[in-house]
Amino acid sequence: MLQRIWNRLHKRFRKPKRYYDIDGFILDMGAHHLLSLYQEDCPMFARFIPYLGEIGQKVRPTGSVIVDLGANVGDTAAAIIKHTNADLLCIEPTHAYYALLKKNILLLDPQGSRIQTLQAFISEEKQGYQADVSGGGTAVQKASMNPEAPTLFLPEAIEQCGISLESVCLIKTSTSGNDAGAVLSLGDALDDMAPIFYIETDMTMTGDTAVLSRQLDAYWRMDTYLEQKGYTCCFIFDNYGNFLCEGTPETVKEIHHYLYQMAAGKSNRTFYYVYVLICRRAQQEICREAMRKYMKAYGGIA
């Protein structure tokens, strides 16, 4: 009983770490970034990230680039860079996180030869945005007449940094609700590319049904778009890092509707958002192998 009381008190009053070790790099996370607490409470939270580096390496062994969209303070880059020889393009729109990203990149890539950064919003709609920063490590993108950063289509952003679209081996998105717009901004450029995607699909926590309906529609359009481009193999994780299932775009559509139901208050909450690792049939075994290694490393069924 006393131990349980102590554990509750400890969780209530503990503070996140400002300086946090990610794969041997001590990153400045900024004030109140919650990653250290999330990983303390959830042993699989964001632990699949290093495997993305290995996946990218196998997709394109040399001359490849991983796009980290919603790069935050550089935590994904830190978890990936030792696990691949690919270069990285880190895209982050918010002033606060971009400043920390630039600082942390100096630790990850002291020679400045492997990581490029770009401050921009990525969307299928060329309008102005501001980022509403929560302080916990997330930022929600909202339309604004006073944009915080330029808005670009993803192919435009990649080529603006001198990177060929064909060299992109993996695209990871984590933009707290606008991931569908970012993926859809690829348009027909995806026909000449072969990246694997790791896509966060999150919905607003406000319960605003109009916003939720727009987000659900955007995710369903993204699911259909990717399927039409040949992306039919899906590996789905919940926000805690648990592997849920392997499925198809139809599976993902059903899960997106499930997320909508919970966010709209129509169902009890089981998890908050999902990540979807999605590839074309020719890359399916690369993803399956990464999944087997991940599950074996974290005590699951390999």
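Quick note: structure is the one above.
Attention here is on the structure that accompanies the text. For clarity, every value in this text was computed on a predicted model and none was experimentally measured.

Attention shifts here to the environment of Ala79. As for its position among the elements, Ala79 is in helix α4 (residues 75-80). Since its relative accessible area comes to 8%, Ala79 is described here as buried. Distance in space between the C-alpha atoms of Ala79 and Asp21 is 9.9 Å, their sequence separation being 58 residues. Among residues more than four places away in sequence, those in contact with Ala79 are Ile22, Asp23, Ile49 and Pro50.

Per the stated rule, a full pass over the model turns up 15 salt bridges. One salt bridge connects Lys103 with Asp28, and the closest N-O pair in it is separated by 2.7 Å. Taken together, the residues span a long stretch of sequence, with Lys103 in helix α5 (residues 95-108) and Asp28 in strand β2 (residues 25-28) at a distance of 75 residues. Residue Asp28 is classed as buried on the basis of its relative accessible area of 4%.

Further remarks concern the sheet that holds strand β11 (residues 196-201). Pairing within the open sheet is mixed, and its 8 strands lie in the order β5-β4-β3-β10-β11-β14-β12-β13. Single-partner strands in this sheet number two, and they are β5 (115-118) and β13 (243-247). Across the sheet, the mean angle separating the axes of adjacent strands is 15° when strand polarity is ignored. Here strand β4 (residues 87-91) pairs with β5 via 4 bridges, running parallel.

What follows covers α5. Under the 1.5 Å per step criterion, the end-to-end length of α5 is 20 Å for 14 residues, consistent within 8% with the ideal 20 Å. Listed as buried for α5 are Tyr97, Tyr98, Leu100, Leu101, Asn104, Ile105 and Leu108.

Rules behind the numbers
- Residues numbered from 1 in each chain as written.
- Predicted model: local features only at pLDDT ≥ 70, side-chain atom pairs only at ≥ 80, totals over all residues.
- Heavy atoms only, no water.
- Helix = DSSP H or I, 4+ residues; strand = E, 2+ residues; numbered from the N terminus.
- Buried < 20%, exposed > 50% of the residue type's maximum accessible area, 1.4 Å probe, protein only.
- Contact = heavy atoms within 4.5 Å.
- Salt bridge = Lys/Arg side-chain N within 4 Å of Asp/Glu carboxyl O.
- Pairing = 2+ DSSP bridges.
- Axes fitted to C-alpha atoms, helices over the stretch in contact; angles between N-to-C directions.
- Expected span 1.5 Å × (residues − 1).

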